[in-house]
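Residue strings, one per chain:
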Amino acid sequence: MTQFTSSLAHIAEGQYDAYHFYTEGDPVLAKQIQKYWEDLNYDFPGVGEQWSAVFVSWCMKSAGASKNEFKFAERHAVFVNWAIANAKAGTGLFRGHGIDACSPKIGDIIANNQPGHAYDFDYAATHDDYHSHSAIVIEKGTDRNGDYVLTVGGNESDSVQEKTVYLKNGLIVQRTHMPFIAVIEDLK
């Protein structure tokens, strides 16, 4: 783990600790969501607009990633597509891989579909405008169900939430509902 990945995990977990009891309609979280947008120099469209990619981007920026290092965006598909291009070119600090090719670690980002969609890695490699989601890996461990990573994401059930993603042989176990798309490897 690097200083950056440790800081990123700490920031994401701190947002979870502070806000997971609130939903986006509660003034305390609504004010923080506005901060996510405005700290990235985006106009705040209100809490009704999807803010999960802005959450990830804000955490990355808050941890110290520059706009030259990470593709801050209002949509996950933008930085997922960009990271896949980085991996193909062998450049950049953030590189997108298929879930069958990269074991997620703390500081990585896991991208998945939203309900009703089933975009795959090949689609993400050639498109940057589709509905998806992603979350930051903050912990890796083993519980009674096996190896896992714990993620924190924004706009999950209209809040900041943690999710457990199970692994088999170090790789993400694919699911049929909201299938996973990619792992963005964090090399910073």
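The following refers to the structure shown. (Residues numbered from 1 in each chain as written. Predicted model: local features only at pLDDT ≥ 70, side-chain atom pairs only at ≥ 80, totals over all residues. Heavy atoms only, no water.)

1. Some details on unusual backbone geometry
In this model, Asp-158 sits at a positive phi of 60°, which is unusual for a non-glycine residue. Tracing the chain through its elements places Asp-158 in the loop between strand E4 (146-156) and strand E5 (159-168). (Helix = DSSP H or I, 4+ residues; strand = E, 2+ residues; numbered from the N terminus.)

2. Considering the sheet that holds E4
If you walk across this open sheet you meet the seven strands as E1-E7-E2-E3-E4-E5-E6, and the pairing is antiparallel. Two strands lie at the open edges of the sheet, namely strand E1 (94-97) and strand E6 (171-172), each paired on one side alone. Direction of pairing for strand E2 (residues 109-113) relative to strand E7 (residues 180-186): antiparallel, over a ladder of four bridges. Bridging from a neighbouring strand, Ile-109 pairs with Ile-184 of E7. (Pairing = 2+ DSSP bridges.)

3. Focus: a negative patch on the surface
Taken together, the side chains of Glu-38, Asp-43, Glu-49 and Glu-74 present a region of like negative charge at the surface. Locating Glu-38 in the fold gives a position in helix H2 (residues 27-39). (Patch = residues over 30% accessible without salt bridge, like charges linked within 9 Å, V, L, I, M, F, W, Y side chains within 5 Å. Areas by Shrake-Rupley, 256 points an atom, 1.4 Å probe, with all protein chains shown as cover. Salt bridge = Lys/Arg side-chain N within 4 Å of Asp/Glu carboxyl O. Lys, Arg positive; Asp, Glu negative; His and termini not counted. Charge placed at Lys NZ, Arg CZ, Asp CG, Glu CD.)

4. Focus on the nonpolar core
One finds Tyr-36, Met-60, Phe-70, Phe-79, Val-80 and Val-160 to be the most contacted residues of the largest nonpolar core, which totals 47 residues. At eight residues, helix H3 (residues 52-63) tops the list of elements feeding residues into this core. Cys-102, Val-149, Leu-167 and Ile-172 belong to the second-largest nonpolar core, a separate cluster that totals 10 residues. (Core = buried A, V, L, I, M, F, W, Y, C linked by side-chain atoms within 4.5 Å. Buried < 20%, exposed > 50% of the residue type's maximum accessible area, 1.4 Å probe, protein only.)

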